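Close look at the chain arrangement
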Number of protein chains: 4
Amino acid sequence: MFLQIEFESDIPIYQQIKNQIIRGIALGELKLGEDLPSVRQLASDIGINFHTVNKVYNQLKQEGWVVIHRKSGVMINPDLNVYNNKQYIESLDELLKFTTAEAYLRGVTKEKFIELIEENYNKYF
Amino acid sequence: MFLQIEFESDIPIYQQIKNQIIRGIALGELKLGEDLPSVRQLASDIGINFHTVNKVYNQLKQEGWVVIHRKSGVMINPDLNVYNNKQYIESLDELLKFTTAEAYLRGVTKEKFIELIEENYNKYF
Amino acid sequence: MFLQIEFESDIPIYQQIKNQIIRGIALGELKLGEDLPSVRQLASDIGINFHTVNKVYNQLKQEGWVVIHRKSGVMINPDLNVYNNKQYIESLDELLKFTTAEAYLRGVTKEKFIELIEENYNKYF
Amino acid sequence: MFLQIEFESDIPIYQQIKNQIIRGIALGELKLGEDLPSVRQLASDIGINFHTVNKVYNQLKQEGWVVIHRKSGVMINPDLNVYNNKQYIESLDELLKFTTAEAYLRGVTKEKFIELIEENYNKYF
DNA sequence: GTGGTCTAGACCACG
DNA sequence: GTGGTCTAGACCACA
């Protein structure tokens, strides 16, 4: 598994895992329909408690990223269709408001910022 | 004061205040050298504990956004020069990794994302 | 066989099968006295473990929906007479308490709800 | 608090609490904007672990029934607006398919069933 | 074997 | 005081 957890980070472990799984999908490292390790397996791989992984999987399920198949455990949702709803766009815009403001004041130019975005987007399949 | 606090947000109140002050500077709504309300004044305006405001001001000072004079209170740092250090760029890039991945999967195109960035940057002085 | 299993549903597979068999009887798709496939046959058709089918048949027998003959296999109870006992009515009422409450708050009017009931009942023989 | 938990039930405790809170809103026993007991308070009142209550509140928050106010804890969403989305109607219809089928075969007439619905709806504000 | 539920207790962030 | 996170270990339902 490609997960890399920073235990010292102030980002909760479960959030780090969520982030990396979602990014894994975008990068194509995780294929649609691909199985994820079992709750206890992943927990043991990372060296954390299985409840933490359970929380991740449940949130991912609730948000539509994965499905829990009764026979084969958890897999990336083969019909991934996470809606770009109004709420999401609003929260993204809110986040960018403050992120760009700080970046601007810290001397990150618009061009540099856009370059960072493009570098990321160009990696997605 | 132009602060707008969402008490039901997931973002801590002190963080909301910090965000809005920094954005206020970027937008030019807060001029360099401009006085900020006193801790107790601001706390009372927003209806929160003054310890929370205290925390905000101390963090802003620590990061170089404001200066605190014992007598004249808090003002936006007239020599604002918060450095675009390696650590900041790294954390920004880390944030964008996950933000762009989710946005991409939710159907926000690169062009749309960049448009959001430009809209924000164009408001800064 | 007309069974349609959703492996990603929150409802256990054995419950899905039970539900569909009972509904099949109500719709007249399964006649009283009609033979059901053998445990192994049905398990293989659906692609599940035969223990699961076994569980279904045993529960259906226990509740009086089917009869099991050692030789001729399982058939819909020709003298179907599952009693509308007090316990059942109570559990139905309990279920409707919460179902109607949520439906109401989600904007499903009484008329709409009743319409859904009637649509279903009108299909039964 | 008006909660009544059946520890012997096969319905999980957290689900029972959710059900009763939602019904409490529909009945008007819980007003919009009303505070709910704190996680630990409610847990102690019912005599269960606070994690169980925590799970309830988090799910209710996720589904929009309550908001978590940073100052005053958890309250019924004052702007309650839980959307009657396609997914919900589908799941309701699915539930009614099997519920009505069994009720019908157990001798509950359409009229009786509708009477049960009306009795419930007439209690809602 | 899988995930789901519940308990218990610890520590932390926030206000 | 509030909720949020993480650990640990138990028991259960399902397939």
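Heads up: these notes are all about the structure in this document. All figures in this text were calculated on a predicted structure; none of them were measured in a lab.

Once that is clear, we can look at the overall build of chain A. Each helix and strand counted, chain A has five helices and two strands in total. Secondary structure elements of chain A occur, N-terminal to C-terminal, as α-α-α-β-β-α-α. Principal-axis analysis of the C-alpha atoms gives chain A an extent of 50 × 35 × 25 Å. Out of the 125 residues in chain A, the part that is buried amounts to 45%. Restricting the contact set of chain A to residue pairs at least 6 apart, pairs at least 24 apart contribute 52%. Of the roughly 6,600 Å² that chain A leaves accessible, carbon and sulfur atoms contribute 47%. Where the 14 positive side-chain charges of chain A centre and where its 17 negative ones centre are 6 Å apart.

Along the chain, the position of I17 of chain D falls in helix α1 (residues 13–27). Each C-alpha atom, one on I17 of chain D and one on I5 of chain D, is 7.4 Å from the other, the two residues being twelve residues apart in sequence.

Structural alignment of chain B on chain A gives an RMSD of 0.4 Å, achieved by rotating through 180° and translating 0.1 Å along the axis. The two molecules are tied by a two-fold rotation axis, judged by turn and shift. Within chain B, I114 of chain B has its C-alpha nearest the rotation axis, a separation of 3.1 Å. The overlap is high: 100% of the interface residues of chain B also sit at the interface in chain A, so the same surface is used on both sides.

What follows concerns the pairing of strand β1 (residues 66–69) of chain C. Residue and element names in this part refer to chain C. Pairing geometry for β1 and strand β2 (residues 73–76), over four bridges, is antiparallel. When the bridges of β2 are listed, H69 appears paired with G73. The turn linking β1 back onto β2 is made up of three residues.

Further remarks concern the interface of chain B and chain A. Across the boundary between the two partners, chain B contributes 42 residues, which contact 42 residues of chain A. Contact with chain A buries area across many residues of chain B, yet L105, R106 and Y121 of chain B alone supply 18% of it, more than any other trio. Linking chain B with chain A are zero salt bridges, by the criterion used here. For the side of chain B that touches chain A, the secondary-structure elements that each account for two or more residues are α1 (13–27), α4 (86–105) and α5 (110–121) of chain B. If one sorts the elements of the side of chain B that touches chain A by residue count, α4 of chain B sits on top with 15 residues. Taken together, the residues of the side of chain B that touches chain A sort by class into 25 nonpolar, nine polar and eight charged.

Rules behind the numbers
- Residues numbered from 1 in each chain as written.
- Chains lettered and ligands numbered in written order.
- Predicted model: local features only at pLDDT ≥ 70, side-chain atom pairs only at ≥ 80, totals over all residues.
- Heavy atoms only, no water.
- Helix = DSSP H or I, 4+ residues; strand = E, 2+ residues; numbered from the N terminus.
- Buried < 20%, exposed > 50% of the residue type's maximum accessible area, 1.4 Å probe, protein only.
- Contact = heavy atoms within 4.5 Å.
- Areas by Shrake-Rupley, 256 points an atom, 1.4 Å probe, with all protein chains shown as cover.
- Lys, Arg positive; Asp, Glu negative; His and termini not counted.
- Charge placed at Lys NZ, Arg CZ, Asp CG, Glu CD.
- Least-squares fit on C-alpha atoms with pLDDT ≥ 70 in both.
- Pairing = 2+ DSSP bridges.
- Buried area = accessible area lost by both parts, 1.4 Å probe.
- Salt bridge = Lys/Arg side-chain N within 4 Å of Asp/Glu carboxyl O.
- Nonpolar A, V, L, I, M, F, W, Y, C, P; charged D, E, K, R; others polar.

Geometric descriptors of this kind do not, in isolation, establish any biological role.
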